Amino acid sequence: MTREMGKPIFETRGDVQEGIDTAMYACGEGYRLFGHTVPSELPNKFNMTIRFPIGVAGLVTPWNFPMAIPTWKIFPALMCGNTVVIKPAEITPLSVWNLLNAMLDSGFPPEVINVVFGSGSKVGNAIVEHPDTNVISFTGSSEVGRKIGATASGMLKRVSMELGGKNCTLIMNDANLELAVDACIWAGFGTTGQRCTACSRVIVEEGIHDKFVELFIKAAKKLKVGYGNDPGITMGPAVSADQLKTDLDYVEIGKKEGCTVVCGGKRLTTPEHKNGHFMQPTIFTDCKPNMRTSQEEIFGPVVSVIKAKNLDDAIKIANGIQYGLSSAIFTQDVNAAYRAFRDLETGLTYVNAATIGAEAHMPFGGMKSTGNGHREGGWQAYEFYSETKACYVDYSGTLQRAQIDDPKQLLKSAK
Ligand code: UN1
């Protein structure tokens, strides 16, 4: 994975570990595909729900978590009794191939796991449009997600989409500043900023802004950028020439809009970097909430720092975007923390922790344009990959008409 898409080896191990965690959780969840038993409104009648597989799950996965994200989809889909056909990102076929081979080695029936390599336009579309794929799950850009969503819902398929993010960390005047800096470095530059959950906006309360910026720059300069299999590397390259160009283009867009580049901003051209897509960790200050660099997902090591007057202002800025995946707040004030839980329009909110690093057994997904309301991870994934049947047994021996007959009368004549 490190050779294929560039994340440093310790992050690759984390990606694999997330797959293992997802598998461990799935093993337990297989024993818990619970239905409900519910009292009937009529006497001598029994109500319950049971769960069914949906059919063939068509899965389209991204390059940034080439093993973890496929496991989020494959394991719950299989555990609910479906079969899968997966199309991995074109940039990371080998990682998925390795994952599937590990599954075959461990005894999964080969018929239930199928992989097709190729482009989204050819293979991805074919999977989404095929009449026999009954459930579709996609992780990727909002642009592609809208098209997949339209096609799949037009065919009345169940579809789950995890799309873009423009995640924020709120730093209040009372924050543990060193901890906040560490978290913003990890969430802003970890995986070269190429996580859906990456922190690309840091919203800092006025009183602590300048001190935060000073420490943030100092810490960003300590990152060691390079080939992820070399010892001590803390940030890898952009995944491709195209992604590097996007990142560098956004630096120019930011400058034109009036941001100040206080750290980085350039491609690395030293001998050990010049043949790769390496870029300096980049920090913008003087950012305004409505600038393109504060609104659009860059998916690179570029973080915008935005000043806020107080908590209300910070929450307003945080919510003033189309996306809603992850948010974090650094504060010692329990009231501020709970305000953040209530008011931040994101599917994940962290208190005194980074915006990245969701755990495999918790629901994962976003509000607003980040998705279409489904969650991966945790128990909710199992609801997505299964159908519910409502079952009724009437053991009264009479015709009891729901909504017509008076239950009190029926009860009187019941044995
Ligand atoms: C993603 O970026 O699409 O929460 C997934 C995290 C990881 C998963 C990220 N566990 O950062």
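Residues numbered from 1 in each chain as written. Predicted model: local features only at pLDDT ≥ 70, side-chain atom pairs only at ≥ 80, totals over all residues. Heavy atoms only, no water.

Thoughts on the nonpolar core
Rules: Buried residues of nine kinds, namely Ala, Val, Leu, Ile, Met, Phe, Trp, Tyr and Cys, make up a nonpolar core once their side-chain atoms join them within 4.5 Å. When accessible area is computed with a 1.4 Å probe and restricted to protein chains, residues below 20% of their type maximum are described as buried, those above 50% as exposed, and intermediate ones as partly exposed. Numbering goes from the N terminus for both helices and strands, where a helix is a DSSP run of H or I of at least four residues and a strand is a run of E of at least two. Domains are outlined according to an automatic or database domain assignment. Any two residues having at least one pair of non-hydrogen atoms within 4.5 Å are treated as being in contact.
The biggest cluster of nonpolar side chains holds 41 residues, and the ones touching the most others in it are Ile171, Phe189, Val202, Phe212, Phe216, Ile283 and Val305. When residues in this core are grouped by element, the largest group, 8 residues, is from helix 7 (residues 177-189). Domain assignment of the residues forming this core places at least three in each of domain 1 (2-163 + 369-391) and domain 2 (167-351). If near-sequence neighbours (up to four positions away) are discounted, phenylalanine 189 is found in contact with Cys184, Phe216, Ala220, Leu223, Met235, Pro281, Thr282, Ile283, Pro301, Val302 and Val303. Of all hydrophobic cores here, the second largest spans 30 residues; its members include Met5, Met67, Leu100 and Tyr382.

Details of the domain arrangement of the chain
Operational definition: Computed with a 1.4 Å rolling probe, the buried area is the accessible surface lost when two parts are put together, summed over both parts. Any carboxyl oxygen of Asp or Glu within 4 Å of a side-chain nitrogen of Lys or Arg constitutes a salt bridge here. Counted as a polar contact is a pair of N or O atoms within 3.5 Å, where, for protein atoms, one must be capable of donating a hydrogen and the other of accepting one, and residues adjacent in sequence contribute only when both atoms are in side chains. Here the term charged refers only to Asp, Glu, Lys and Arg, the term nonpolar to Ala, Val, Leu, Ile, Met, Phe, Trp, Tyr, Cys and Pro, and the term polar to all other amino acids, Gly among them.
Domain annotation of the chain identifies domain 1 (2-163 + 369-391) and domain 2 (167-351). Of note, the centres of domain 1 and domain 2, computed from C-alpha atoms alone, are 30 Å apart. Domain 1 puts 20 residues into the contact, and the matching count from domain 2 is 22 residues. Between domain 1 and domain 2, the buried area comes to about 1700 Å², and carbon and sulfur atoms account for 59% of it. Contact with domain 2 buries surface across domain 1, with Glu11, Trp63 and Thr370 losing the most and accounting together for 27% of the total. Between domain 1 and domain 2 we count 1 salt bridge in total. Salt-bridge contacts for glutamate 11 lead to arginine 195; the nearest nitrogen and oxygen are separated by 3.9 Å. Seen at the junction of domain 1 and domain 2, the total is 5 residue pairs in polar contact (both at pLDDT 80 or more). Elements supplying a minimum of two residues to the side of domain 1 that touches domain 2: helix 1 (2-5), helix 2 (9-29) and helix 6 (142-154). The residue makeup of the side of domain 1 that touches domain 2, split by class, is 8 nonpolar, 6 polar and 6 charged.

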